[in-house]
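Examination of the molecular architecture
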Amino acid sequence: MAYIKSIKCFTPPHTLDNNALQEQLKNSCVEKTAKGVGVSNRHIASNDTTAGDMTVEAANLLFEKSGIKREEIDFIIMATQSPDHFLPPTACIIQDKLNIPTTAGAFDFDLGCSGYVYGLAIAGSFVDSGLAKNVLLLTGDTITRFIHPEDNNRVLFGEAASATVISTNGFARIGNFEKGTDGSGADCLIVKNGAARHLTHTGHETLDNEGNMRRDDYFYMDGSSVFNFTIDRVPSLINETLRQNEISLEEVDHVVLHQANKFMLNTLRKVCHIPKEKFYINLENTGNTTSTTIPLALEDCLDKGLFMNGDKVLIAGFGVGLSWAGTVLSFE
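About the criteria used
- Residues numbered from 1 in each chain as written.
- Predicted model: local features only at pLDDT ≥ 70, side-chain atom pairs only at ≥ 80, totals over all residues.
- Heavy atoms only, no water.
- Helix = DSSP H or I, 4+ residues; strand = E, 2+ residues; numbered from the N terminus.
- Rg over C-alpha atoms; globule rule 2.2 N^0.38 Å.
- Buried < 20%, exposed > 50% of the residue type's maximum accessible area, 1.4 Å probe, protein only.
- Contact = heavy atoms within 4.5 Å.
- Areas by Shrake-Rupley, 256 points an atom, 1.4 Å probe, with all protein chains shown as cover.
- Salt bridge = Lys/Arg side-chain N within 4 Å of Asp/Glu carboxyl O.
- Phe/Tyr/Trp six-rings, centres within 6.5 Å; stacked < 30°, edge-to-face > 60°.

1. Let's talk about the overall build of the chain
In terms of regular secondary structure, the chain is built from eight helices and 16 strands. In terms of overall dimensions, the chain is globule-like: its C-alpha atoms have a radius of gyration of 19 Å, near the 20 Å expected for 332 residues. Along the first, second and third principal axes, the C-alpha set of the chain runs to 50 × 45 × 35 Å. Residues classed as buried in the chain amount to 56% of the 332 residues present. Within the chain, counting contacts between residues at least 6 apart in sequence, those at least 24 apart form 78% of the total. When the accessible surface of the chain is totalled, it reaches about 14300 Å², and 49% of it is carbon and sulfur.

Following this line, the structure appears as structure tokens:
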């Protein structure tokens, strides 16, 4: 069996509240948009800080606070859509920066909103197969530097990173997984050009149907299509995740979904008939941090003492790809 042994997250020190963002988005009503998506503040990485830099900070916090030793890590997996370079993998660079033994394996995988849950599945399978005993799963993105300066979607997104150790023992047993992909919706969430450490911007600018400035170098989101996908797909994802783990919704103590935006989450909660007291939302001061929203929420719940021994926590990620994945964590 595979367990979560420790989780630590890092948020950049610089923050951007709605008033400051309004100064940058002169032609938008930031407060109105922010009220709908439920974001008041967000952390933004400095221009010389990459996703790899942030995950190093998160991992150092984990080693400092958990007592887990660097030499115990025998695999590093990083979920990111903004790697430091096209090559080599950012996870390889991080191995050296963290002084993890050269006997450890390391690779990146390109996934955002569902990336943490997919990462748990990969790491858990490595532990279950005996390939590794302690896997360091990292998530992080510098998403905002891919968003056009005049794009209203800047209201929604923030930046953060996480480090999680998946091991043969720990505080939460990782259950069975449900997953899926629909690549026909790839254009709904896309950056067509560019890379993370060194960016170049070229191409003709146009306004999309939602009034956002668009260029192929930058992040594009078809908001209505993503919303429709989520409302159509996530209820069945939740039901299949419950079935895979032979548990009913009534037996679940907490539900932690990818923190996409408050309106979408509340709609999902109502559609899936999830009691409000079981449903966790915490993106007001962080925004949508892509692959890091779920570990941020889990760490927040742990810090607040919301998870008790015996609790069952359903987690699910969904979005870019289009992709989705879910599992149940059993706290012991």
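2. So, the pattern of salt bridges
One pass over the structure, following the stated rule, counts six salt bridges. A salt bridge links Glu64 to Lys65, with the shortest nitrogen-to-oxygen separation between them at 3.9 Å. The exposure class assigned to Glu64 is exposed, which follows from its relative accessible area of 57%. For the salt bridge of Asp300 with Lys304, the shortest nitrogen-to-oxygen distance reads 3.4 Å. Of the residues examined, Asp300 reaches a relative accessible area of 21% and is grouped as partly exposed.

3. Some thoughts on helix α8 (residues 293-303)
Counted residue by residue, α8 has eight buried out of eleven residues, so it is predominantly covered. By the burial criterion, the buried members of α8 are Thr293, Ile294, Pro295, Leu296, Ala297, Leu298, Glu299 and Cys301.

4. Considering the packing of aromatic side chains
Going through the model one piece at a time under the given rule, you end up with six aromatic pairs. Taken together through their ring pairs, the aromatic side chains of Phe75, Phe107 and Phe126 make up a single cluster.

5. Some points on the environment of Leu136
Residue placement: Leu136 occurs in strand β6 (residues 134-141). By relative accessible area, Leu136 is classed as buried at 0%. Other than its neighbours up to four places away in sequence, Leu136 contacts Ala59, Phe63, Ile73, Phe75, Ile76, Ile77, Leu98, Ile100, Ala163, Thr164 and Val165.

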